[in-house]
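Overview (structure and organization)
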Amino acid sequence: MLNAAAMAADLPLPPLREDLRLGEAAAGSDGAPSWVIQDTVVNRFYRIGWFEFECLLRWGQTPRRISEQITSQTALKPDVEQVLAFRQFLEQNQLLRPGWQAVERLSARSEGNPFLSWKGWLHHYLFFRIPLVRPQRMLARLAAMLDWLFHPLMAWLVLALGLLGLVLVAHQWDAFKNAVFDSFSAEGALGFALALAVGKTLHEMGHALVATRLGLKVAHMGVAFVVLWPMLYTDTGEAWKLRSARARLAIASAGILTELTIAALATLGWALAEPGALRDAFFYLATTNWILSLALNASPFMRFDGYFILSDLLDFPNLHERAGAQARTALRRGILGLDEPWPEHFPARQRRALVAFAIGTWIYRLVLFAGIAVAVYLLFFKVLGIFLFLVEISWFIVLPVWRELRQWWARRGAVPMSRRFVLAGLLLLLVLLLALPWQTQIHAWGMARAERQLRVYAPYPALIREIRPVGAVHKGDLLVSLGQPDIVERLQRSDAGARSYDARLLGLLADPAGLEEEAATRQRLDVQLQEVRAARSEIERLSLQAPFDGLWRDVDPNWQAGQWTGVRNALGVLYDPSSWQVDGYVKPDEVHRIQVGASVRFYPEGQVEPIGGKVLAIGSTRVAQLEHAMLSSRHGGPLATTKQEEALVPTPSLFHVLVQLDGPPPARQETRGQLQIDGARSSLLVKGATNALAVLRRESGF
């Protein structure tokens, strides 16, 4: 290898391609000059510094000769390896004139069908893009027509209208929340998809129009597929021609500003529109563009608009790559104790900021790519879903970690002995922490309620005659007195009929000729008496009495005598305050660790002190529907649910656990809170292995 490097240092460098263009770019934040190489074939730009520019001025000589000339003629002191590294960069990006070896490689790359190899399928599955239009002429006309949109007054007007819309939405917040819950449907999914298409189209149009106004050429616009997910894109690579960082920032931020404008105007439109299709359209546009702008596009951790905006604000090209190199070196120096030189020299404060940014980027991407992997698994049929899930995890998570670990292993000989002992001890401690069965607590949400409680309803539609005010009651006390005019009228009619038949029966007994009608009259009399008893029984049901001692509460103060009530309107709640229970809901993978009689601590929401208790019963099947609406996410609760007809079905599945409390909650009414249940000890290692085996067994179909 040393002989090969020495030979390469004394061989003339291959010539550059004739179609490349070299232009001067804006100076860096440190004042160093910079230039841009434009690859006119693929319209790609590469920013270079002073050293690379000096190399290009002397290109065609040997690397050793170039290094010596730069050292003697400038203030730079490069070595031969730096010149060779720059040559490798140019070769990797196909910026050198192809020789016979490069021609073979390029021919194999271009003539061979990439879809015939598994690597080609993998690469094109993860990312590929399809140019659709060359919009330069259309953009030039459109930019002239929409020149008024870029007036500073328009920005202030949109800002004012957006703030007005947010204020109006705040006054209709309940209606807005209901619209959010109602949007979880097939119709809502279609609405969000259409809003997404409109928002992303205008987003890319914003990039293109600003670039056109600044005199740049937009080579093409099209669709990029990231893990088979379509995303519009605009080729604004010529932004590197601009020497002004402010101009580049304008292009990078145009998409987000366009989406924020749509979101602001749509928010105002929703607040002013009447309920209907137009208001629903405004809702989908507002929510979609707010979320995309603030949660996705503004993030600097992916190569979306937020990343380029941050790079332009800091005037720091290749932020991800340079920060990642700093972070990897910091890990090697900090963990392995290697005396590895820094890739670039920065002040200590700036270096710490770059390392922190890189670590934040890694964590963000870990969560994002894991979520994408799960989504890919769920969207496709089982076999393909599992394969694509493994591809996602391997390519985006396992492979980068494996590459870095290989670097660590290759440098293991340079790790100090003391650091090896420390690392071995930490690794052993981590394994022990994962293997020891220390985890005992099981956390769940639940609703505390009285053990005996009765929600009082009318047996059938009736008039309210009297309703007892809230307070303590005893068994047999009247809670609600109801009336039903139809039943009273039927009772009176049946009673009158019974008296009539009774009188007629007495007359028939005195008449010798009436013996033949006696049997029929007695039957009619019995029917009337039965109707009287039935009517009186129904009237007795309208007097609702307390079946046990307790507290009578939750009576609507608007109920008045003479009002009608239906069978679905609760008139009040009677409960026994002496005994309280909790309906808890536990995840399926933790319910097996709970036993009847286990100790429980219930933390009412908003309270610090827990209430003790014990487990009375454990459900053997998954909960079919959630009995307490306060626990549902649709009503501001912590448990995710979907609405199926009138029932709230928890997602994911949960098991019911009944807990007996030692005392009542402070408010002495139904209270939402968290449960901490003492369960069987379990180690994280065993738990993870068990879950993994369960998933493999379930998904394999065995």
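Described below are features of the structure shown in this document. Quick caveat, the model's predicted, so the values are computed rather than measured.

1. Re the overall build of the protein chain
The number of helices and strands found in the protein chain is 20 helices and 22 strands. Classification of the 702 residues of the protein chain by burial places 37% in the buried group. The long-range share in the protein chain, meaning contacts at least 24 apart out of those at least 6 apart in sequence, stands at 70%.

2. Side note on the sheet that holds strand S11 (residues 478-483)
Taken together, the four strands give an open sheet; going across it, the order is S12-S11-S9-S14, and neighbouring strands pair in antiparallel fashion. Of all strands in the sheet, those bounded by a partner on one side alone are strand S12 (543-545) and strand S14 (564-565). Pairing analysis gives two bridges linking strand S9 (residues 462-467) to S14, with the strands arranged antiparallel. Opposite Ala462, over in S14, you have Thr565 as the bridge partner.

3. Thoughts on the sheet that holds strand S15 (residues 572-575)
The strand order across the open sheet built from four strands is S8-S15-S13-S10, with neighbouring strands paired in antiparallel fashion. The sheet terminates laterally at strand S8 (453-456) and strand S10 (471-473), the two strands that pair on one side only. Put simply, the sheet's adjacent strands are angled 25° from each other on average, direction ignored. Two strands pair when backbone bridges link them, and S8 and S15 are joined in this way by four bridges, in the antiparallel orientation. Bridge assignment links Arg455 to a residue of S15, and that residue is Val573.

4. Notes on the environment of Tyr460
With respect to the element layout, Tyr460 can be found in the loop between S8 and S9. Non-local contacts of Tyr460, meaning those with residues more than four positions away in its chain, are made with Gln484, Ile487, Glu538, Ile539, Arg541, Leu542, Thr565 and Val567.

5. Some thoughts on the pattern of salt bridges
Across all of its chains, the model carries 15 salt bridges by this definition. Of the charged contacts in the structure, one is a salt bridge between Glu54 and Arg58, with a shortest N-O distance of 2.6 Å. In this structure, the salt-bridge partner of Asp583 is Arg449, at a minimum N-O distance of 2.7 Å. Residue Asp583 is located in strand S16 (residues 580-586), and its partner Arg449 is located in strand S7 (residues 439-450); the two are separated by 134 residues in the primary sequence. Each of the salt bridges in this network shares a partner with another, and the network as a whole consists of Arg332, Glu340, Glu404 and Arg411.

6. A word on helix H14 (residues 319-336)
Look at H14: 25 Å from first C-alpha to last across 18 residues, which is about the 26 Å you get at 1.5 Å a residue. For H14, every residue scored as buried is listed here: Leu319, His320, Ala323, Gly324, Ala325, Gln326, Ala327, Thr329, Arg332 and Leu336. One or two steps after H14, the chain reaches Gly337, where phi turns positive at roughly 75°.

7. Topic: the side chain of Gln326
Positionally, Gln326 belongs in helix H14. What Gln326 contacts, discounting residues up to four positions off in sequence, is Trp342, Pro343, Glu344, Phe346, Arg351, Leu354 and Val355.

8. Quick look at the environment of Ala546
Among the secondary structure elements, Ala546 is positioned in the loop between S12 and strand S13 (550-553). Relative accessible area serves as the criterion here: at 4%, Ala546 is assigned to the buried category. For the pair Ala546 and Tyr575, spaced 29 residues apart in the sequence, the C-alpha separation amounts to 9.8 Å. Excluding residues that lie within four positions of it along the chain, Ala546 makes contacts with Val473, His474, Lys475, Gly476, Asp477, Leu479 and Leu574.

9. Considerations on a nonpolar patch on the surface
On the surface, Leu427, Leu430, Val431, Leu434, Leu684 and Leu685 cluster together into a nonpolar patch covering about 500 Å² of accessible area. Of all elements in the fold, only helix H17 (417-435) and helix H20 (684-700) reach the threshold of two or more residues within the nonpolar patch. In terms of residues, the nonpolar patch owes the most to one element, H17, which gives four residues. Inspection of the secondary structure assignment puts Leu434 in helix H17.

10. Looking at the packing of aromatic side chains
Each aromatic ring pair is specified by the distance between its two centres and by the angle formed by the two planes. According to the stated counting rule, one finds 13 aromatic pairs in the structure shown. When the ring of Phe192 is compared with that of Phe283, the centres are 6.3 Å apart and the planes differ by 55°; the resulting orientation is tilted. Placement of the pair is Phe192 in helix H10 (residues 186-213) and Phe283 in helix H12 (residues 277-297), with a sequence separation of 91 residues. With a relative accessible area of 27%, Phe192 lands in the partly exposed category.

11. Side note on unusual backbone geometry
With phi around 60°, Asp554 is a residue other than glycine that occupies positive phi space. Mapped onto the fold, Asp554 is located in the loop between S13 and S14. Residue class for Asp554 comes out exposed when judged on its relative accessible area of 54%. Even without being a glycine, Arg668 presents a positive backbone phi close to 55°. Relative to the assigned elements, Arg668 resides in the loop between strand S21 (655-661) and strand S22 (671-682).

12. Regarding the pairing of S9
Here four bridges tie S9 to S11, and the two strands are oriented antiparallel to one another. Residue pairing across strands places Glu466 opposite Ser481, the latter belonging to S11.

13. Focus: the side chain of Gln528
Inspection of the secondary structure puts Gln528 in helix H19 (residues 515-541). Look at Gln528 and you get buried, because its relative accessible area is 17%.

14. What to know about the packing of helix H3 (residues 63-73) against helix H4 (residues 80-92)
It is the contact of H3 with H4, at a shortest axis distance of 8 Å, that shows an interaxial angle of 120°. Our classification of the angle between H3 and H4 gives oblique. The chirality of how H3 crosses H4 is right-handed. Residues Pro63, Arg64, Ile66 and Ser67 of H3 form the contact with H4, whose participating residues are Val80, Val83 and Leu84. For the contact of H3 with H4, a count of residues per class yields five nonpolar, one polar and one charged.

Conventions used here
Residues numbered from 1 in each chain as written. Predicted model: local features only at pLDDT ≥ 70, side-chain atom pairs only at ≥ 80, totals over all residues. Heavy atoms only, no water. Helix = DSSP H or I, 4+ residues; strand = E, 2+ residues; numbered from the N terminus. Buried < 20%, exposed > 50% of the residue type's maximum accessible area, 1.4 Å probe, protein only. Contact = heavy atoms within 4.5 Å. Pairing = 2+ DSSP bridges. Axes fitted to C-alpha atoms, helices over the stretch in contact; angles between N-to-C directions. Salt bridge = Lys/Arg side-chain N within 4 Å of Asp/Glu carboxyl O. Expected span 1.5 Å × (residues − 1). Patch = residues over 30% accessible without salt bridge, like charges linked within 9 Å, V, L, I, M, F, W, Y side chains within 5 Å. Areas by Shrake-Rupley, 256 points an atom, 1.4 Å probe, with all protein chains shown as cover. Phe/Tyr/Trp six-rings, centres within 6.5 Å; stacked < 30°, edge-to-face > 60°. Parallel < 35°, antiparallel > 145°, perpendicular 65-115°, else oblique. Left-handed = near helix turned anticlockwise from the far one by under 90°. Nonpolar A, V, L, I, M, F, W, Y, C, P; charged D, E, K, R; others polar.

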